[in-house]
Amino acid sequence: MPISALTDHTGYWLRMVSNAVSQDFACKLIAEGVTVAEWSFMRVLCDEDGTAPTLLAVRMRMTCGAISKLADRLVAKGLVARTEAGGCGQILSLTAEGRPKIPVLAAMADANDAEYFGVLSQTDREALSRILQTLAARRGVIKTPAD
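So, here's what we can say about the structure. Just so it is clear, the structure is predicted and the values come from calculations on it, not from any experiment.

1. Let's talk about the overall build of the protein chain
Logical step 1: Across its full length, the protein chain holds six helices and two strands.
Logical step 2: Counted from the first residue to the last, the protein chain has its helices and strands arranged as α-α-α-α-β-β-α-α.
Logical step 3: For the protein chain, the spread of C-alpha atoms along the three principal axes comes to 65 × 30 × 25 Å.
Logical step 4: In the protein chain, which comprises 147 residues, the share counted as buried stands at 27%.
Logical step 5: At a minimum sequence separation of 6, the contacts of the protein chain that also span at least 24 residues come to 57%.
Logical step 6: A total of about 9500 Å² of accessible surface is found on the protein chain, and carbon and sulfur atoms cover 60% of it.
Logical step 7: Across the protein chain, the 16 positively charged side chains and the 16 negatively charged ones have centroids separated by 6 Å.

2. Things to note about the side chain of Glu38
Logical step 1: Note on placement: Glu38 falls in helix H2 (residues 36–47).
Logical step 2: Here Thr35 takes part through its backbone nitrogen, which lies 2.9 Å from a polar atom of the side chain of Glu38.
Logical step 3: Those residues in contact with Glu38, other than ones at most four positions away along the chain, are Gly33, Leu70, Arg73, Leu74 and Lys77.

3. Looking at unusual backbone geometry
Logical step 1: In the Ramachandran plot, Arg61 falls in the positive-phi region, its phi being about 60° despite a non-glycine side chain.
Logical step 2: Among the structural elements, Arg61 can be located in the loop between helix H3 (53–60) and helix H4 (64–76).
Logical step 3: Relative accessible area serves as the criterion here: at 44%, Arg61 is assigned to the partly exposed category.

4. Observations regarding helix H6 (residues 122–139)
Logical step 1: With 18 residues, H6 ought to run about 26 Å at 1.5 Å a step, and its terminal C-alpha atoms sit 26 Å apart, in line with that.
Logical step 2: Downstream of H6 by one or two residues, Gly140 has phi in the positive range, about 75°.

5. Focus on H4
Logical step 1: Relative to the 18 Å expected for 13 residues at 1.5 Å per residue, H4 spans 18 Å between its end C-alpha atoms, a close match to the ideal helical length.
Logical step 2: Within the span of H4, buried status applies to Ile67, Leu70, Ala71 and Leu74. The buried residues of H4 occupy one face: seen down the axis, they fall within an arc of 100°. Exposed and facing more than 90 degrees away from the buried side of H4 are Lys69 and Ala76.
Logical step 3: On its buried face, H4 sits against H2, H3, strand E1 (80–84) and strand E2 (90–94).
Logical step 4: Backbone geometry just downstream of H4 places Gly78 in the positive-phi region, at approximately 80°.

What counts and how
- One numbering rule holds for all chains: residues counted from 1, following each sequence as written.
- Residues qualify for local features only when their pLDDT is at least 70, as the model is predicted, and side-chain atom pairs are given and counted only at 80 or more; totals for whole chains, interfaces and linings, by contrast, use all residues.
- In computing side-chain values, all of the structure's heavy atoms are included and hydrogens and water are not.
- Numbering of helices and strands runs from the N terminus; a helix is a DSSP stretch of H or I covering at least four residues, while a strand is a stretch of E covering at least two.
- Partly exposed describes any residue whose relative accessible area lies between the buried limit of under 20% and the exposed limit of over 50%, with all areas from a 1.4 Å probe on protein chains only and scaled to the type maximum.
- For this analysis, residues touch if any pair of their heavy atoms sits within 4.5 Å.
- In this description, accessible areas are obtained by the Shrake-Rupley approach with a 1.4 Å probe, and a residue is regarded as covered only by the protein chains that are shown.
- Lys and Arg are tallied as positive, Asp and Glu as negative. Neither His nor the chain termini are counted.
- For charged residues, the charge sits on one atom: NZ in Lys, CZ in Arg, CG in Asp, CD in Glu.
- Within 3.5 Å is the distance limit for a polar contact, defined as a pair of N or O atoms, with the added protein rule that one can donate a hydrogen and the other accept it, and that residues adjacent in sequence qualify only through two side-chain atoms.
- The span expected for a helix works out to 1.5 Å for each residue beyond the first.
- The directions considered for the arc are those from the helix axis to the C-beta atoms.

By themselves, these are just geometric observations and shouldn't be taken as functional.
Quick look at the structure:
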C-alpha cells in the first residue's frame, strides 16, 4: 500500500495558507505596536466596550487568566482602561488612544485578507468561508483565534 505524501492532504495546504496569512498579519500588527492576540481582544472590546473581563473571556472563549494578561499588556500600552465596578469587579474599556486604532487595524486585517484571498472570485471566497465555518462548527472550534 503506498504511503500518502504530505501534499496529498487538504490539512497540509490549509496549514500552509493559514500560517502565511497569520504570520504576515502578525508582522504588520507588530509595526503598529500590538500582537494578534491584543488586536483580537481590542476588536471584541470595541463591540462590547465597558465590559467585565469575565464576560470578555466568555465572548472570546478564553480563560479569565488569559484575558487578564492581555488586559494588563493593553493597559500598560495605554490602549485599554481598567476601572473598578463598585466592588463587583472591574470594567474594561478602550481608551481615547485605543479606540482610533480599531479602524486602522481593521483596515490592515482587510488588506491582509485581500492580499491572500483577492485572487479568488467573490463566489469562491464566499464558498471557502462557508466551508471553513462549516468545518469549524462541526468540530466545535469556537475559540477566537488569538495567536
